[in-house]
Amino acid sequence: QALLFIADEDPRQLSPDDPSLGQRFALAMLFYSTYGMTWNSKRSWMTGETECDWEGVFCAQDGEHVDSIVLSKNGLKGNVSDLFLIHDLQQLDLSHNK
């Protein structure tokens, strides 16, 4: 589902050489692998907004590189996908989910 989103459905239609593509794909994998459609709150997720504007996603001062994901108490369930494509990730808080 994440690949389909990136390839066909993402309004941003990033080029393969865009530096944001990897982190956007990793976040899409997180969304789908934890049943994002059932999250308590998912403002801006899987929209044309930059991933830095997605609820619970925070970026470095440059406004482009994700460095923190905080989705505690948000109704996530399932398995967390690989987040290795988010090279600058320093904080991950998925506490108090299923």
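So, a few notes on the structure that sits alongside this text. Everything numeric in this text was worked out from a predicted model, so none of it was measured. (Residues numbered from 1 in each chain as written. Predicted model: local features only at pLDDT ≥ 70, side-chain atom pairs only at ≥ 80, totals over all residues. Heavy atoms only, no water.)

**Observations regarding the overall build of the chain**
- Counting its regular elements, the chain contains two helices and three strands.
- Listing the helices and strands of the chain from first to last along the sequence gives α-α-β-β-β.
- On C-alpha atoms alone, the chain measures out to a radius of gyration of 12 Å, which is about the 13 Å that the 2.2 N^0.38 rule sets for 98 residues.
- Dimensions along the principal axes, computed over C-alpha positions, put the chain at roughly 35 × 30 × 20 Å.
- Contacts in the chain between residues at least 24 apart in sequence constitute 43% of all its contacts with a sequence separation of at least 6.
- Within the structure as shown, the chain displays about 5,700 Å² of accessible surface, and the carbon and sulfur contribution to it stands at 50%.
- Looking at charge distribution, the chain has the averaged site of its 7 positive side-chain charges lying 14 Å from that of its 15 negative ones. (Helix = DSSP H or I, 4+ residues; strand = E, 2+ residues; numbered from the N terminus. Rg over C-alpha atoms; globule rule 2.2 N^0.38 Å. Contact = heavy atoms within 4.5 Å. Areas by Shrake-Rupley, 256 points an atom, 1.4 Å probe, with all protein chains shown as cover. Lys, Arg positive; Asp, Glu negative; His and termini not counted. Charge placed at Lys NZ, Arg CZ, Asp CG, Glu CD.)

**Thoughts on the state of the cysteines**
- Inspection of the entire model under this criterion finds one disulfide.
- One disulfide in the model links C52 with C59; its S-S distance is 2.0 Å. When the S-S torsion is -90°, as for the bridge of C52 with C59, the disulfide is left-handed. (Disulfide = S-S within 2.5 Å.)

**Here's the deal with the pairing of strand β2 (residues 66-70)**
- The buried fraction of β2 is high, at four of five residues.
- In this structure, strand β1 (residues 57-59) lies alongside β2, joined through three bridges in antiparallel fashion. Bridge pairing in β2 places F58 opposite S68.
- Hairpin connection of β1 to β2: six residues between the antiparallel strands, including G63 at a positive phi of 75°.
- Relative to strand β3 (residues 91-93), β2 runs parallel, the two sharing three bridges. Bridge pairing in β3 places I69 opposite L92. (Buried < 20%, exposed > 50% of the residue type's maximum accessible area, 1.4 Å probe, protein only. Pairing = 2+ DSSP bridges.)

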